[in-house]
Amino acid sequence: MRVRTNASSEGGRGKGLGLGLAVGSAIAFGGSGVAAKPLIEAGLDPLHVVWLRVTGAALVMLPLAWRHRALLRSRPALLAGFGLLGVAGVQAFYFGAISRIPVGVALLVEYLAPALVLGWVRFVQRRPVTRAAAVGVVLAVGGLACVVEVWSGLSFDAFGLLLALAAACCQVGYFVLSDQGSDSGDRAPDPLGVIAYGLLTGAVVLTAVSRPWGMDWSVLAHTAGMNGTEVPAWLLLAWIVLLATVVAYVTGVVSVRRLSPQVAGVVACLEAVIATVLAWVLLGEHLSAPQIVGGAVVLLGAFIAQSSAPAKNSSGPVAGGSPERELSARGTAT
């Protein structure tokens with residue numbers, strides 16, 4: 001009983017920090033599009049920008065990969081899954097989707113991931129979820145529909161929709177695998193090591209997909225336009241690699257450890273709102289009234305989901321506490 005009480009107390013103290021890290025991760029991820037768009041408009045292929053992002057981050061994290069090389073023996077499936085799903089899968093499928101369907105529609109479908117996480121918990125793990133958590137997800141997804149103005153582009157092909165749905169499924173894998181082993185105490189895999197090897201795996205996969213040997217490297221030696229201001233291309237690339245990838249993944253994985261996959265997934269929906277606001281300020285892409293309202297609804301949904309009380313025992317409903325960590329650890333490869 002004492003152990004359970006101590007664990008509950010520690011979980012309560014870590015929830016606030018976890019929420020802060022999750023919001024920070026959403027901000028970092030949200031800035032990637034603002035920095036990448038000028039590079040794409042300057043002449044780089046979108047997949048080449050993705051490859052530069054992941055490969056650059058993998059090189060930055062290489063010392064950590066060496067430090068945690070024991071993970072290659074102890075958790076090879078986790079590292080491969082994180083790299084394939086959480087890194088290469090999400091980004092490759094998303095970029096494939098936006099080449100066939102409107103960006104807003106693809107983004108909305110991808111951010112169905114929080115709802116899919118709850119579906120995994122409810123129907124695969126066969127655990128109930130609290131009504132508040134479910135309402136939070138519904139509000140967040142509905143708000144996202146307003147943010148991306150989904151009604152402005154509904155004529156899309158089925159294959160593009162499937163690619164966006166695949167990105168959403170990969171994002172579910174990111175949240176669930178990020179939570180892997182969080183109940184194992186000292187035996188839990190270090191999240192920094194998981195990220196480092198995930199980025200290395202993603203870089204290898206994306207190299208085969210994007211074929212960077214055909215990239216126009218000269219673009220990086222010039223400037224790129226950002227709402228009338230010329231910015232060095234290398235500076236935008238550094239933004240994408242260091243902030244939008246290294247910082248974003250580190251804070252994102254650590255936040256999942258302190259929250260739970262479904263709560264962190266809902267908070268991550270803020271990425272779309274943040275990206276839209278940054279695009280408004282830095283790229284001159286103005287928000288409409290429905291987008292502003294939608295952003296407020298996303299914030300409300302995230303707040304409701306994260307503030308719902310965690311279950312007090314393993315048989316209670318899942319909202320935002322440690323029981324889901326135990327389930328996700330059982331339900332994923334180790």
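Residues numbered from 1 in each chain as written. Predicted model: local features only at pLDDT ≥ 70, side-chain atom pairs only at ≥ 80, totals over all residues. Heavy atoms only, no water.

Trainee: Can you break down the overall build of the chain residue by residue, with the values?
Mentor: Secondary structure assignment for the chain yields 15 helices and 2 strands. Going through the 334 residues of the chain one by one, you find that 52% of them count as buried. Of the contacts made within the chain by residues no fewer than 6 positions apart, 86% connect residues no fewer than 24 positions apart. When the accessible surface of the chain is split by element, carbon and sulfur atoms take 66% of a total near 14900 Å². (Helix = DSSP H or I, 4+ residues; strand = E, 2+ residues; numbered from the N terminus. Buried < 20%, exposed > 50% of the residue type's maximum accessible area, 1.4 Å probe, protein only. Contact = heavy atoms within 4.5 Å. Areas by Shrake-Rupley, 256 points an atom, 1.4 Å probe, with all protein chains shown as cover.)

Trainee: Before we move on, can you summarise the pairing of strand β2 (residues 229-232) with the specific residues and values?
Mentor: Both strand β1 (residues 223-226) and β2 contribute to a ladder of 4 bridges, which runs antiparallel. Note on β2: the bridge partner recorded for Ala 224 is Val 231. Hairpin connection of β1 to β2: 2 residues between the antiparallel strands, including Asn 227 at a positive phi of 55°. (Pairing = 2+ DSSP bridges.)

Trainee: Quick one: what's the story with helix α13 (residues 270-283), residue by residue and with numbers?
Mentor: In this model, α13 (14 residues) spans 19 Å end to end at C-alpha, consistent with the 20 Å of a helix rising 1.5 Å per residue. Those residues of α13 that sit buried are Leu 270, Glu 271, Ala 272, Val 273, Ile 274, Thr 276, Ala 279 and Leu 283. Positioned one or two residues after α13, Gly 284 has a phi angle of 75°, which is positive. (Expected span 1.5 Å × (residues − 1).)

Trainee: How would you sum up a nonpolar patch on the surface? Please name residues and give values.
Mentor: A grouping of Val 60, Leu 242, Leu 243 and Val 247 is seen on the molecular surface, where their side chains present a nonpolar patch of about 310 Å² in accessible area. At 3 residues, helix α11 (residues 233-258) tops the list of elements feeding residues into the nonpolar patch. Inspection of the secondary structure puts Leu 242 in helix α11. Taking relative accessible area as the criterion, Leu 242 reaches 42% and is therefore assigned partly exposed. (Patch = residues over 30% accessible without salt bridge, like charges linked within 9 Å, V, L, I, M, F, W, Y side chains within 5 Å. Salt bridge = Lys/Arg side-chain N within 4 Å of Asp/Glu carboxyl O.)

Trainee: Could you give an account of the environment of Gly 30, naming the residues involved and the relevant values?
Mentor: Topologically, Gly 30 is positioned in helix α1 (residues 2-41). In this structure, the C-alpha to C-alpha distance between Gly 30 and Ile 274, residues 244 residues apart in sequence, is 5.5 Å. Look past the residues within four positions of Gly 30 in its chain and what remains in contact with it is Glu 271, Ile 274, Ala 275 and Leu 278.

Trainee: Give me the side chain of Ser 25: which residues, what numbers.
Mentor: Looking at where Ser 25 falls in the secondary structure, it is placed in helix α1. The residues contacting Ser 25, other than those within four sequence positions of it, are Ala 248, Thr 251 and Gly 252.

Trainee: Please provide a residue-by-residue account of the packing of helix α2 (residues 46-60) against α11, values included.
Mentor: Running from amino to carboxyl end, α2 crosses α11 at an angle of 65°, the nearest separation of the two axes being 9 Å. By the angle class used here, α2 and α11 are roughly perpendicular. The crossing of α2 and α11 is right-handed. Facing α2, whose interface residues are Val 49, Leu 52, Arg 53, Gly 56, Ala 57 and Val 60, α11 presents Leu 237, Ile 240, Val 241, Leu 242, Ala 244, Thr 245 and Val 246. Residue classes in the contact of α2 with α11 are distributed as 10 nonpolar, 2 polar and 1 charged. (Axes fitted to C-alpha atoms, helices over the stretch in contact; angles between N-to-C directions. Parallel < 35°, antiparallel > 145°, perpendicular 65-115°, else oblique. Left-handed = near helix turned anticlockwise from the far one by under 90°. Nonpolar A, V, L, I, M, F, W, Y, C, P; charged D, E, K, R; others polar.)

Trainee: Talk me through the nonpolar core; I want residue IDs and the actual numbers.
Mentor: If you look at the biggest cluster of nonpolar residues, it comprises 75 residues, and the most contacted ones within it are Leu 44, Phe 82, Leu 199 and Tyr 249. Apart from the residues lying within four places of it in its own chain, the contact partners of Leu 199 are Val 54, Ala 57, Ala 58, Met 61, Val 87, Thr 245 and Tyr 249. (Core = buried A, V, L, I, M, F, W, Y, C linked by side-chain atoms within 4.5 Å.)

Trainee: Describe unusual backbone geometry, with residues and values.
Mentor: A positive phi angle, near 50°, is found at Arg 211, a position not held by glycine. Assessed through its relative accessible area of 53%, Arg 211 is described here as exposed. With a phi angle near 55°, Asn 227 is a residue other than glycine that sits in the positive phi range. Examined against the element boundaries, Asn 227 turns out to sit in the loop between β1 and β2.

Trainee: I'd like a rundown of the packing of α2 against helix α10 (residues 191-210), residues and numbers included.
Mentor: Relative orientation of the contacting elements α2 and α10 amounts to 150°, with a least axis distance of 8 Å. When the interaxial angle is binned, α2 and α10 end up roughly antiparallel. The hand of the α2/α10 crossing is left-handed. Contact with α2, carried on its side by Leu 47, His 48, Val 50, Trp 51, Val 54, Thr 55, Ala 57 and Ala 58, involves Leu 199, Leu 200, Gly 202, Ala 203, Leu 206, Thr 207, Val 209 and Ser 210 of α10 and no other residues of that element. When the residues that make up the contact of α2 with α10 are grouped by side-chain class, the tally is 11 nonpolar, 5 polar and no charged.

Trainee: I'd like a description of the packing of aromatic side chains, backed by residues and values.
Mentor: Applying the stated criterion across every chain yields a total of 3 aromatic pairs. Geometrically, the ring pair formed by Phe 29 and Tyr 249 is edge-to-face, given 5.1 Å between the ring centres and 85° between the ring planes. In this pair, Phe 29 sits in helix α1 while Tyr 249 sits in helix α11, placing the two residues 220 residues apart along the sequence. Centre to centre, the rings of Phe 82 and Tyr 249 are 6.3 Å apart; their planes meet at 70°, and the pair counts as edge-to-face. Residue Phe 82 is found in helix α5 (residues 76-98), and its partner Tyr 249 is found in helix α11; the two are separated by 167 residues along the sequence. For Phe 82, a relative accessible area of 1% gives the class buried. The cationic tip of Arg 69 hangs over the ring face of Trp 66; the distance from NZ or CZ to the ring centre is 4.2 Å. (Phe/Tyr/Trp six-rings, centres within 6.5 Å; stacked < 30°, edge-to-face > 60°. Lys NZ or Arg CZ within 6 Å of the ring centre and 35° of its normal.)

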